[in-house]
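Residue-level listing of the chains:
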Amino acid sequence: MNSALYKHMMKIHLKGIMNYAFGSAFYILLMFWLYPSFATDNKALDDLIKSLPKGITNAFNLGSGFGTVEAFISGEFYGLLLVLIVAIFCVMFSTQLIAKLVDQGAMAYLLAVPTTRGKVAMSQALVLFSGLFLIMAVTTLCGFAGYALFIGDLSDFNGGAYLRMNIAAFLLFFAVSGISFLISSLSNDEKRAMSISAGLTFGFFSLDLLGKLSDAISWLRHISYFSLYDPSGIINGRTDLWVPWTILAVIGLLGFGIGIGAFRKRDLPL
């Protein structure tokens, strides 16, 4: 890694990273603020959810119901909103760090300094990783703050399950980032890299969503790594953690590792 490049890139992109972090923080605080108004009618809401087709409740992570605040945010925030916010960050940011610089010719200036391509790619990968870590750290801390501000004593909060849910989300987006970074490392065109990354990310998300709707097409989930992310299952304690976490971590590591190696060896239009 080139520490000077890493610090420079973090300084350039920190504002953008924090915009995503504050956006995620705003929505999770909003969820905690809204929960007391739902909690008064949670039995009626739970009965309504039970009356819905199983595919609908599975697709939108409503299986845990509204009986607890943890169950509420697992479906309303971690099941969809957080996925959309952070997936967009991973796709756009990974493209900006490599493919955009190559497309605009700015990569030539980075490679002109006394460093190697591998160190440049590694530095950019660590910037992406740091940005993702900051977003998830802010989101996690704001969840605890939201409970204390709007719900009550933190001793009543299932903090362990909440932390596990955030770790699962981080590993999911680590996998998304790794794949997007690999595509960015192989691309000379910014728009093409972003299109492919977005298409793959939201394509896999759609396959998981469709597979949840019906048992007849549940096999679609087996080809989507989004099936390894189950926030409602984590809250209910019915989901195995170590196998999906390991697979997501491996996907991310392979994406970043192959991306760095490919960028180091490929011909660049500089």
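Residues numbered from 1 in each chain as written. Predicted model: local features only at pLDDT ≥ 70, side-chain atom pairs only at ≥ 80, totals over all residues. Heavy atoms only, no water.

A.B. asks: Any chance you could explain the packing of helix H8 (residues 159–186) against helix H9 (residues 190–213) here in plain terms?
C.D. replies: When two helices pack together, their arrangement is given by the angle between the helix axes and by the axis-to-axis distance. Taken N-terminus to C-terminus, the directions of H8 and H9 make an angle of 150°; their axes are 9 Å apart at the nearest point. The orientation of H8 with respect to H9, classified from their angle, is roughly antiparallel. The crossing of H8 and H9 is right-handed. The segment H8 lies against H9, with Val176, Ile179, Ser180, Ile183 and Ser184 engaging Ala193, Ile196, Ser197, Leu200 and Thr201. (Axes fitted to C-alpha atoms, helices over the stretch in contact; angles between N-to-C directions. Helix = DSSP H or I, 4+ residues; strand = E, 2+ residues; numbered from the N terminus. Parallel < 35°, antiparallel > 145°, perpendicular 65-115°, else oblique. Left-handed = near helix turned anticlockwise from the far one by under 90°. Contact = heavy atoms within 4.5 Å.)

A.B. asks: What is the right way to look at helix H11 (residues 242–265) in this model?
C.D. replies: Residue pairs three or four apart in sequence face the same way in an α-helix, which turns once every 3.6 residues. In this model, H11 (24 residues) spans 34 Å end to end at C-alpha, consistent with the 34 Å of a helix rising 1.5 Å per residue. Structurally, H11 contributes buried residues whose contacts are with helix H5 (99–104), helix H6 (107–112), helix H7 (117–150) and H8. (Expected span 1.5 Å × (residues − 1).)

A.B. asks: Please clarify how the packing of aromatic side chains should be interpreted in this entry.
C.D. replies: Centre-to-centre distance and the angle between the planes together describe a pair of aromatic rings. Following the criterion strictly, the structure yields 22 aromatic pairs and no others. Seen from their ring centres, Phe129 and Phe174 are 6.0 Å apart, and the 85° between their planes marks the pair as edge-to-face. Here Phe129, found in helix H7, pairs with Phe174, found in helix H8; they are 45 residues apart in sequence, far enough to count as distant. Relative accessible area serves as the criterion here: at 10%, Phe174 is assigned to the buried category. Here Phe181 and Phe256 contribute two aromatic rings whose centre-to-centre distance is 5.3 Å and whose plane-to-plane angle is 40°, an arrangement assigned as tilted. Residue Phe181 is located in helix H8, and its partner Phe256 is located in helix H11; the two are separated by 75 residues in the primary sequence. (Phe/Tyr/Trp six-rings, centres within 6.5 Å; stacked < 30°, edge-to-face > 60°. Buried < 20%, exposed > 50% of the residue type's maximum accessible area, 1.4 Å probe, protein only.)

A.B. asks: Is there a simple way to think about the pattern of salt bridges in this case?
C.D. replies: Once their charged atoms are close, side chains differing in charge can pair, the charge on each being opposite to the other. Inspection of every chain in the model, using the stated rule, returns 1 salt bridge. The closest approach of N and O atoms between Arg221 and Asp208, which form a salt bridge, is 2.6 Å. Of the two residues, Arg221 is situated in the loop between H9 and helix H10 (231–236) and Asp208 in helix H9; the sequence distance between them amounts to 13 residues. For Asp208, a relative accessible area of 4% corresponds to the buried category. (Salt bridge = Lys/Arg side-chain N within 4 Å of Asp/Glu carboxyl O.)

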